[in-house]
Structure formats: structure tokens, C-alpha cells
Amino acid sequence: MSAVSIRPEGGSRLRCGDYDLDAVVVELDGGTLDFRFELGQGLGIFWALPAGEGDRLRLAHVDGAAYTVDEPTLCADPFLFHLPATTWRGELGQLGDGSTVIAVTVEAHVEPASYRCEVLRRLASGHEDVRVFAWPARPVPPASPVPRPQVATADPATAALVDGLIDAFHRWDEPERVAARAAREAEQDRRTVAILTHGGAEPLDAILAAPDDDAPRLAWAQAVGGSRGELVRLQCELAQGRLSLPDTIAHKRRVRGLLDSSGADWSGLSDFATEVRFERGFVDAARISADTWLAHGRTIRERAPLLSALTVSGLRGRDIGGGGEGTARILSCIDRLLADPQLRGLAALDLSGAAVDVEDDDHDYVSSLSPEVLPRLIASGLLPTLRGLDIGDVGADGLRALGACDLARLEVLRVGAWGQPYAAWQPLLAPGRLPALRSLWILGTNHPTFPLASLLDALPTSLVELAFQPTKTAQLTQLAAHRVGRQIESLVFRAGSLGNTHLLAALPRLRSLDVFDTYGSLGAELSAETLPTLRELRYFCSPMGSKLDVLRSVISRFGPQLELLDLRGSNRMSTFGSDGAVRGALAASAAAVAGALLFPGREPVGDSLLHLGRERGLPFWDHVRLAI
């Protein structure tokens with residue numbers, strides 16, 4: 001038996017109903033010429049082939065890309081779909097009798113139900129031979145005592161397929177077959193990780209055994225190849241931090257393009273997550289609702305085996321009239337989530353979104369549930385295993401409770417206690433309490449006597465990212481004078497004002513600055529000479545900071561050194577006309593930005609996903625928004 005497979009050209013996609021057309025196969029078996037459609041759906045491999053000469057098509061599930069099908073399964077009889085007339089010409093392939101397939105035309109219709117496949121061959125003798133396979137729609141004949149013509153006898157391959165289907169149906173519940181199916185499903189779960197989410201069958205065992213090592217990832221990328229392997233290689237090279245500015249920008253642009261085109265498919269989480277982040281080629285962080293995680297946590301872990309950080313959404317309830325139903329529902333969900341075995345093994349957890357909208361007779365407000373969530377997290381035993389935590393505003397009692405826990409592994413911490421004096425923070429931020437800390441977001445250092453210098457004294461030399469909310473001018477003053485200022489690479493200011501931005505020049509390693517949602521402006525005394533390491537800037541949205549002439553000045557001064565200038569949201573206060581007017585007004589300046597310029601009219605984004613990635617900074621190059 002010999003066969004020629006003709007595939008859609010140039011990566012084009014042809015659909016046969018709900019299935020992708022992978023190939024039209026012309027087959028020669030014992031002198032009998034036949035054809036079939038080979039189709040794909042997800043990981044499944046399907047064949048649509050004639051039931052007999054001049055008869056209808058039947059669809060069978062025959063195999064899987066990440067699993068094995070022992071017996072074909074009949075899926076549709078007849079199988080009807082619409083495919084416009086499509087022709088392939090050229091030296092398409094040679095069959096076993098020496099003939100060459102030089103043209104194939106196929107088409108199919110639902111109304112009237114029909115298909116046609118015309119195969120043109122050049123025989124070994126040099127003559128041409130045309131064979132047409134067709135099933136024209138025929139009206140159902142009226143009842144008649146005259147015997148109807150017999151359906152043409154199926155070819156041997158189709159007859160064997162049908163016999164196999166019938167035999168499989170009768171033997172489906174035999175114990176040994178049930179056990180065999182269970183074993184295949186377990187193997188399928190393991191292999192689906194490699195096939196569905198990563199584009200190749202290469203096992204991820206070496207990467208999982210050494211997730212911090214680039215070498216297994218690069219070996220995997222070389223074995224898989226293609227654009228999937230390219231993403232791994234590009235992000236590993238970026239993470240190593242040894243590229244020139246032009247090469248860094250070129251790498252990041254290519255990464256962004258790959259993720260825009262294929263990131264959702266490569267994530268494997270498009271049915272579960274609303275946002276994911278890729279770190280060195282694989283999903284390392286995701287935003288997923290609590291209900292989705294509880295229902296599909298095992299599948300999520302299988303599809304994203306290198307997932308290390310989970311931001312939990314869907315933790316918002318409503319309390320009306322002091323009844324507390326919303327609070328009880330959210331806390332019950334938290335209890336089930338923390339008891340879920342699939343949560344074990346994750347290294348970072350964001351539960352900061354737990355809150356209720358309270359409606360009573362006096363007024364409506366939002367109440368954080370973080371003070372109730374934290375004791376549950378501590379009781380679960382998960383906290384000492386975490387390297388990243390976002391817990392929200394926990395109050396003074398929460399700070400004391402955290403201060404009594406083993407937090408030696410924490411690298412990323414986001415925590416708040418609005419209006420509390422330094423004495424409340426001291427148990428948590430005492431010297432030596434957080435030796436591995438790389439990123440600290442502190443919400444609520446707004447007490448009038450809060451001694452920021454004491455907090456900075458307690459921070460380890462490993463810290464490279466610092467975020468303040470609310471923002472005060474005094475914070476930058478003290479940071480610029482402190483030794484911590486000399487090690488900060490990423491700085492975030494939120495919800496306040498910043499009147500002394502000239503002091504940013506005292507931060508010699510600053511590469512990422514986020515001052516969105518803050519009042520202020522980068523003074524004219526700041527330039528590429530005073531901030532030579534600055535590579536990312538998310539700019540002020542305030543009227544003072546987002547005037548067009550100010551934005552032009554910022555682009556002129558910093559554009560040639562920036563990998564990213566993020567102006568999203570700057571137009572939300574209607575300081576300068578329509579989005580189109582803004583884009584036009586900045587068009588002449590935009591070319592000065594070496595990397596990406598995100599215009600004001602685009603939707604502003606919130607804080608980045610909690611993650612443990614090597615590079616801290618703005619959420620753009622490596623994030624993928626998913627629609628579920």
C-alpha cells in the first residue's frame with residue numbers, strides 16, 4: 001500500500017465543519033485507488049472516508065497526537081461539511097505503481113449533501129489518468145415493492161474499520177479494556193502537557209527537575225524548534241541580561257509578536273485563566289478565578305507544569321443590610337481553596353482581592369477581607385513554603401501575625417496596614433526577618449510619624465524592587481539618601497504626589513519607574529545623562545504630568561534609551577482632546593522611542609501579576625490577556 005498526502009499550502013487553514021483539514025490522502029492498495037480526508041480537532045486525529053464506492057463520507061476518530069486510540073470510533077454517519085472547491089497542482093507525490101499525482105481537486109457541500117474528489121495522475125507510461133470520487137445528493141425514493149439497488153461494497157480498509165467499530169462497541173465494558181483506557185488516559189494527561197501547551201513531544205522532565213537552570217530549557221527549545229522553541233531561547237537570553245540595548249529591544253519585540261500570535265495557544269489555559277505571564281518560555285504566573293481553580297486545578301497544573309504563581313480572582317462578594325452572606329461565601333471559598341491539594345507546590349499566592357461590597361442604610365463601601373483571610377492562610381501551613389505573597393491590607397493584628405511566621409523564603413511581598421505606626425510594622429520588617437526579599441510593595445506608610453528610614457534599614461541587600469502607596473515626596477527624599485536607593489532597579493509610586501523627582505538621579509541602578517496614578521512631573525533637569533540606566537517608564541496620569549508639551553519633552557529626553565514608554569491611561573482625565581488627536585499630536589515624537597510607545601488612549605492596566613521572575617518591571621512584554 002502506498003499513499004500521497006496533500007496538505008494546505010503555506011500554513012493556510014481550511015475547515016471541514018468543526019475540524020481542521022490536515023491533508024487529503026490519495027491511497028493505492030492492491031491496484032485500488034481511494035482517498036480520504038485527514039482532519040484534526042484539538043489533539044484528536046480523524047478520518048473522513050467513503051463508506052463505499054460512490055457512497056457517503058463517514059467520520060471516525062482514529063488516533064490522537066498525545067494518546068493512542070486502540071479502536072476507531074465512529075463520530076458521524078454521514079459526515080457533512082462545506083468545503084469550497086480547492087485544487088493542488090504540481091508533482092504532489094508518487095504512488096507504489098510508479099504513477100505520479102499531479103493534481104487533486106476536492107469540494108463538499110451540506111445542501112445539497114455531496115462531495116467530489118478528482119485525482120489526476122501521470123502513469124508510468126506517460127499517459128494521464130483521471131479518477132473521480134463523488135457522492136451526488138439523491139432524493140429519497142418513494143416506497144416501492146421494487147428492490148432498491150445494493151450499496152456498493154466497501155473497500156477492504158473501510159470494511160475493516162466498520163468491523164472494528166462494531167467489535168469495540170460490544171467489548172467496551174470488558175474489565176481489561178476499562179483498565180487499558182484508564183492507563184491511556186493517565187499517559188495522555190502526562191503527554192498533553194508537552195503537546196498541547198508546548199508544541200512538541202519533547203518531555204519537560206529535565207526542566208521540571210531544575211526550573212531555575214536555563215540549560216534544560218535551551219536544550220528543549222533546540223529539540224522542539226520552530227517559533228515555540230524560539231520563544232524559549234529569546235526569553236532565556238533576555239533573562240541573562242547581557243544583551244545590548246538594540247538587541248534587547250529586538251528580542252522583546254519578537255517575543256511580543258510571538259505571544260500576540262500564539263501565546264494563548266501555548267499557555268494551554270485559554271479556557272481557565274484571564275491573564276498569564278511567560279518566563280523563559282513557559283507560563284509561570286496566571287490570574288484564575290477561585291471557582292475555576294477548584295473545578296479544574298488538576299488540569300491547570302497539567303497544562304502549565306511550570307506555573308509557580310497564582311493570582312486568585314473572583315473573591316468579591318456583597319453584604320446587604322449587615323447580613324454577612326457575601327462574607328461567609330467568600331471565606332468558605334477561601335477555606336476550600338487553601339485545602340485544595342492542587343495548590344500545594346505553588347510558590348506564590350495572591351489573595352489580596354478578597355473583599356465585599358457592603359450596602360447598609362447609611363452608605364455603601366468596600367470592605368477588605370484580608371484580615372480574615374490571613375489567619376486561614378497561616379493555619380493552612382502553606383505560608384512557610386511560599387516565595388511570593390500578596391495578602392492586601394491586614395491591619396495591625398495581621399502584621400503581628402505575619403511577623404511571628406517563618407518568612408525566610410519570601411522573595412516577593414505585597415502587604416498593607418493603612419494608617420498604622422511603625423511599631424505595628426516592626427515585627428514584620430525588623431532587620432533579618434526577610435533575608436531573601438527581592439520585591440516589597442508596602443501599602444499604608446501614611447502614618448504622620450512613620451520613620452521610613454527605619455524601614456529601609458531593615459531591608460536586605462537582595463531587594464531590587466520597592467513600591468509605595470500612598471506616595472509622599474518625603475519617601476523619595478529618604479530613599480535617595482539611603483543605601484537601599486543604590487540597589488533599587490524598579491520603583492513604583494501610587495496614589496499621591498511626587499514633587500522632588502530630581503532626586504531620582506540618586507538611584508544609580510534604576511531601570512523601571514512606574515508613577516502612574518500619581519501627581520507630578522519629571523523635571524527638566526532629568527535626562528539620559530542623569531538617569532542613564534532607565535529603560536521602562538510608566539508615566540504620570542495627572543494633568544500636570546500629562547500635558548502634551550510635557551510628554552513631548554519626556555520622549556525627547558528619554559525616548560532613545562527606553563525599551564518601553566507606557567502612557568496608557570494618561571488621557572483618562574481628559575486633559576487633551578480625543579485619543580485620535582493625542583496620537584496625531586505625538587506622532588512626530590513617537591519615532592524617538594527606541595522600544596515600544598503605548599499611547600494614552602489604550603486601556604490602562606492594573607498592577608502586574610504576582611510572579612517570581614528574574615526581571616522586575618512593567619507588565620507588557622511577557623503578559624498575555626486571555627478571553628474565557
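Residues numbered from 1 in each chain as written. Predicted model: local features only at pLDDT ≥ 70, side-chain atom pairs only at ≥ 80, totals over all residues. Heavy atoms only, no water.

1. Description of the overall build of the protein chain
1) Next: In terms of helices and strands, the protein chain carries 15 helices and 30 strands.
2) Next: Across the protein chain, contacts joining residues at least 24 apart in sequence account for 58% of those joining residues at least 6 apart.
3) Next: When the accessible surface of the protein chain is split by element, carbon and sulfur atoms take 52% of a total near 27600 Å². (Helix = DSSP H or I, 4+ residues; strand = E, 2+ residues; numbered from the N terminus. Contact = heavy atoms within 4.5 Å. Areas by Shrake-Rupley, 256 points an atom, 1.4 Å probe, with all protein chains shown as cover.)

2. Re the nonpolar core
1) Next: One finds Leu 269, Leu 351, Ile 391, Leu 466, Leu 491 and Leu 504 to be the most contacted residues of the largest nonpolar core, which totals 106 residues.
2) Next: Looking at this core, the element that brings in the most residues is helix 8 (residues 325–339), giving six residues.
3) Next: With sequence-adjacent residues up to four places away left out, Leu 466 is seen in contact with Leu 440, Leu 456, Leu 459, Leu 479, Ile 488, Ser 490, Leu 491 and Val 492. (Core = buried A, V, L, I, M, F, W, Y, C linked by side-chain atoms within 4.5 Å. Buried < 20%, exposed > 50% of the residue type's maximum accessible area, 1.4 Å probe, protein only.)

3. Structural notes on the pattern of salt bridges
1) Next: Counting across every chain of the model gives 39 salt bridges.
2) Next: Put simply, Glu 53 and Arg 131 hold a salt bridge, and the shortest N to O gap is 3.9 Å. One end of the pair, Glu 53, is in the loop between strand 5 (44–50) and strand 6 (57–64); the other, Arg 131, is in strand 11 (residues 128–135), with 78 residues separating them in the sequence.
3) Next: Across the salt bridge formed by Asp 214 and Arg 614, the nearest N and O atoms sit 3.2 Å from each other. Linking Asp 214 in helix 4 (residues 214–224) with Arg 614 in the loop between strand 29 (596–598) and strand 30 (623–625), this pair joins segments that are 400 residues apart in sequence.
4) Next: Judged by relative accessible area, Arg 614 falls into the partly exposed class, the value being 37%.
5) Next: Taken together, the shared-partner salt bridges in this structure form one network comprising Asp 214, Arg 277, Glu 279, Arg 280, Asp 284, Arg 614 and Asp 622. (Salt bridge = Lys/Arg side-chain N within 4 Å of Asp/Glu carboxyl O.)

4. Comments concerning the packing of aromatic side chains
Any two aromatic rings considered together are summarised by their centre-to-centre distance and by the angle between their planes.
1) Next: This structure, assessed with the given rule, holds 11 aromatic pairs.
2) Next: Consider the rings of Phe 35 and Phe 37, whose centres lie 5.5 Å apart with planes at 80°: the pair is edge-to-face.
3) Next: Phe 35 gets classed as buried once you look at its relative accessible area, which sits at 2%.
4) Next: Note on Trp 220 and Phe 282: the rings are 5.1 Å apart at their centroids and 65° apart in plane angle, and the pair reads as edge-to-face. (Phe/Tyr/Trp six-rings, centres within 6.5 Å; stacked < 30°, edge-to-face > 60°.)

5. Regarding the confidence of the model for the protein chain
1) Next: Put simply, the protein chain has an average pLDDT of 84, and 83% of its residues get 70 or more.
2) Next: Taking the mean pLDDT of every element in the protein chain, the minimum, 58, falls on helix 2 (residues 175–198) and the maximum, 97, on strand 16 (residues 348–350).
3) Next: The low-confidence segment residues 138–152 (pLDDT under 50) makes five contacts with residues lying over four places distant or belonging to another chain. (pLDDT = per-residue confidence, 0-100.)

6. Here's the deal with helix 11 (residues 422–429)
1) Next: Along helix 11, the positions that sit buried rather than exposed are Tyr 422, Ala 424, Trp 425, Leu 428 and Leu 429. Taken down its axis, helix 11 places every buried residue within 150° of arc, on the same side.
2) Next: Buried-residue contacts for helix 11 involve helix 10 (395–403), strand 20 (412–416), strand 21 (439–443) and helix 12 (452–458). (Arc of directions from axis to C-beta.)

7. So, the packing of helix 7 (residues 290–303) against helix 8
1) Next: As a packed pair, helix 7 and helix 8 sit with axes 10 Å apart at the nearest point and diverge in direction by 35°. Where helix 7 crosses over helix 8, the two elements pack in a sense that is left-handed. Of the residues in helix 8, those touching helix 7 at Ala 290, Asp 291, Trp 293 and Leu 294 are Cys 333, Arg 336 and Leu 337.
2) Next: In terms of residue class, the contact of helix 7 with helix 8 is built from five nonpolar, no polar and two charged. (Axes fitted to C-alpha atoms, helices over the stretch in contact; angles between N-to-C directions. Left-handed = near helix turned anticlockwise from the far one by under 90°. Nonpolar A, V, L, I, M, F, W, Y, C, P; charged D, E, K, R; others polar.)

8. Examining helix 5 (residues 226–240)
1) Next: In this model, helix 5 (15 residues) spans 22 Å end to end at C-alpha, consistent with the 21 Å of a helix rising 1.5 Å per residue.
2) Next: Here helix 5 has its buried residues at Arg 228, Gly 229, Leu 231, Val 232, Leu 234, Gln 235, Cys 236 and Leu 238. (Expected span 1.5 Å × (residues − 1).)

9. Focus: unusual backbone geometry
With glycine set apart, most residues show a phi of negative sign, and most peptide bonds adopt trans.
1) Next: Residues Glu 111 and Pro 112 are joined by a peptide bond in cis, for which omega reads -5°.
2) Next: Its place among the elements puts Pro 112 in the loop between strand 9 (100–109) and strand 10 (114–122).
3) Next: Positive phi outside glycine occurs at Arg 280, with the angle close to 50°.
4) Next: Structurally, Arg 280 is set in the loop between strand 12 (273–279) and strand 13 (282–289).
5) Next: Positive phi, normally seen in glycine, also occurs at Ala 495, with a value near 50°.
6) Next: Topologically, Ala 495 is positioned in the loop between strand 23 (490–493) and strand 24 (496–498).
7) Next: Accessibility expressed as a relative area gives 33% for Ala 495, which makes it partly exposed.

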